[in-house]
Amino acid sequence: MQTYLAVTPDKLSEAMGYTDRIAHVAYRIGDGGELTRSELPPRVRGGIMVLGDQGCGGIPDCAALCDSVWKECQQRGFCAVLADFDGKSPERVELLCMLSDRLRKNGRGLYVPECYGEEVRQADVLICTAISGGTLRGRLEEARCCFGNRLALDLQRLRMVFPLPCPGGEGRCLEQDALCDYLGCDPQVFYSEDLCVKYFTRPCDCSLEMVLFDDAETLREKLELACQLGIRTAFLMYPETVDLLGLVFDCRGGR
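This section reports on the structure supplied with the text. (Residues numbered from 1 in each chain as written. Predicted model: local features only at pLDDT ≥ 70, side-chain atom pairs only at ≥ 80, totals over all residues. Heavy atoms only, no water.)

1. So, the layout of surface pockets
Of the pockets and cavities examined, the largest pocket occupies roughly 430 Å³. Taken together, 20 residues form the lining of the largest pocket, with Leu82, Asp84, Leu126, Asp154 and Gln156 sitting closest to its centre. The set of elements that each furnish at least two residues to the lining of the largest pocket consists of strand E5 (80-84), strand E7 (124-128), strand E8 (151-154) and strand E14 (233-237). A per-class count over the lining of the largest pocket returns 14 nonpolar, one polar and five charged. Taken together, Ala130, Ile131, Ser132, Gln156, Arg157, Leu158, Arg159, Met160, Cys173, Leu174, Glu175 and Glu240 form the lining of the second largest pocket. (1 Å grid on protein atoms, 1.4 Å probe; cavity = no way out; pocket = protein on both sides within 12 Å on 5 of 7 lines; lining within 4 Å. Points joined across faces, edges and corners; volume = space filled by probe spheres on them. Helix = DSSP H or I, 4+ residues; strand = E, 2+ residues; numbered from the N terminus. Nonpolar A, V, L, I, M, F, W, Y, C, P; charged D, E, K, R; others polar.)

As structure tokens, then:
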């Protein structure tokens, strides 16, 4: 299992204290559909390019953008591109198909959000592990039925709270400080083998809440499950997991 840290340039030095497998969150599609970049140190070589589309409108020239991305991959020695796309549109599909073909022919990879998996057939598909229902094994096995071995983990750190009962299954995200406050009250914490998360209940007004959360142990369990299912690559976001990384990477043999 290759576990990459997705990190912005300002946190790069810190992140490299944990691993040299870096996904560089430094690239974005600009307002006019051009490739824009944050300043990466000149010495940076290798790793994965993360290409975002936040704030992007249309992409008038997919071929030109594909050329720019490929040129950057060549210059920096990136082994793959990860498309961190918020939305879906025909021109994004066109771009990713074009980019997938270019990268594959040159021995490089592409990672795409799950919603693009059926259309961009040469890319690996990112499967989010932050689920609150069903089973994680079932989720990954279902994805494997759809996409075969083209899977990679989007190992998001789960921190959510749900009212009890919760017939709609909708919870809210929990900030780390709030989770620490709740844990400081010494609740009885359980482990869900189905979800690969820890959980506890707490009183709230005249009812109860259930809190689901990841720690280093649950992240390692998710990585182990992925390995059992033949998934070769996972991504963690820095600094979302910075307080856990020492344990996650040490227990997986460091770099």
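2. Section: the side chain of Thr19
You can see Thr19 is positioned in the loop between helix H1 (12-15) and strand E2 (22-29). Assessed through its relative accessible area of 1%, Thr19 is described here as buried. Reaching out from Thr19, the side chain makes a polar contact with the backbone nitrogen of Arg21 at a distance of 3.0 Å. (Buried < 20%, exposed > 50% of the residue type's maximum accessible area, 1.4 Å probe, protein only. Polar contact = N/O pair within 3.5 Å; in protein donor to acceptor, adjacent residues only side chain to side chain.)

3. Some thoughts on unusual backbone geometry
In this structure, the amide linkage connecting Tyr238 to the following residue, Pro239, adopts the cis form with an omega of 15°. Among the secondary structure elements, Pro239 is positioned in the loop between E14 and helix H7 (245-250). Despite not being glycine, Asp186 shows a phi value in the positive range, around 55°. Checked against the element boundaries, Asp186 lands in the loop between helix H5 (176-183) and strand E11 (190-192).

4. Notes on the sheet that holds E11
The strand order across the open sheet built from five strands is E10-E9-E13-E12-E11, with neighbouring strands paired in antiparallel fashion. In this open sheet, the two strands that pair with only one neighbour each are strand E10 (172-173) and E11. As paired elements, strand E9 (residues 159-164) and strand E13 (residues 207-213) share six bridges and run antiparallel to each other. Looking at the pairing, Met160 lines up with Leu212 of E13. Each of E11, strand E12 (197-204) and E13 is contacted by helix H6 (residues 216-228), which is oriented at about 140° to E12, the strand it contacts most. (Pairing = 2+ DSSP bridges. Contact = heavy atoms within 4.5 Å. Axes fitted to C-alpha atoms, helices over the stretch in contact; angles between N-to-C directions.)

5. Section: the packing of helix H4 (residues 136-147) against H6
Viewed as axis vectors pointing N to C, H4 and H6 meet at an angle of 40°, and their least axial separation amounts to 11 Å. Relative to H6, the crossing made by H4 is right-handed. Contacts between H4 and H6 involve Leu136, Arg137 and Leu140 from the former and Lys222, Leu225 and Gln228 from the latter. Its residues assigned to classes, the contact of H4 with H6 shows three nonpolar, one polar and two charged. (Left-handed = near helix turned anticlockwise from the far one by under 90°.)

6. Observations concerning the packing of aromatic side chains
Scanning the entire structure with this criterion turns up seven aromatic pairs. Each ring, one from Phe85 and one from Tyr116, has its centre 6.2 Å from the other, and the planes form 80°; the classification is edge-to-face. Taken together, the residues span a long stretch of sequence, with Phe85 in the loop between E5 and helix H3 (90-105) and Tyr116 in the loop between strand E6 (109-113) and E7 at a distance of 31 residues. Each of the two residues, Phe85 as well as Tyr116, counts as buried. Members of the aromatic cluster, connected to one another through ring pairs, are Tyr4, Tyr111 and Phe235. It is Lys88 that lies over the ring of Tyr116; its NZ or CZ is 5.7 Å from the centre. Above the face of the Tyr182 ring, Arg202 is positioned so that its terminal group lies 3.8 Å from the ring centre. (Phe/Tyr/Trp six-rings, centres within 6.5 Å; stacked < 30°, edge-to-face > 60°. Lys NZ or Arg CZ within 6 Å of the ring centre and 35° of its normal.)

7. Section: the pairing of E5
Counting buried positions over the five residues of E5 gives four, a clear majority of the element. Pairing geometry for strand E4 (residues 48-52) and E5, over five bridges, is parallel. Note on E5: the bridge partner recorded for Val50 is Leu82. Since E4 and E5 lie parallel, the crossover through helix H2 (residues 62-76) that links them has a hand, and here it is right-handed. Bridge analysis of E5 against E6 gives three bridges, and the strand direction is parallel. Pairing of Leu82 across the sheet is with Tyr111, part of E6. Each parallel crossover has a hand, and the one from E5 via H3 to E6 is right-handed. (Right-handed = clockwise from strand over helix to strand, strands pointing away.)

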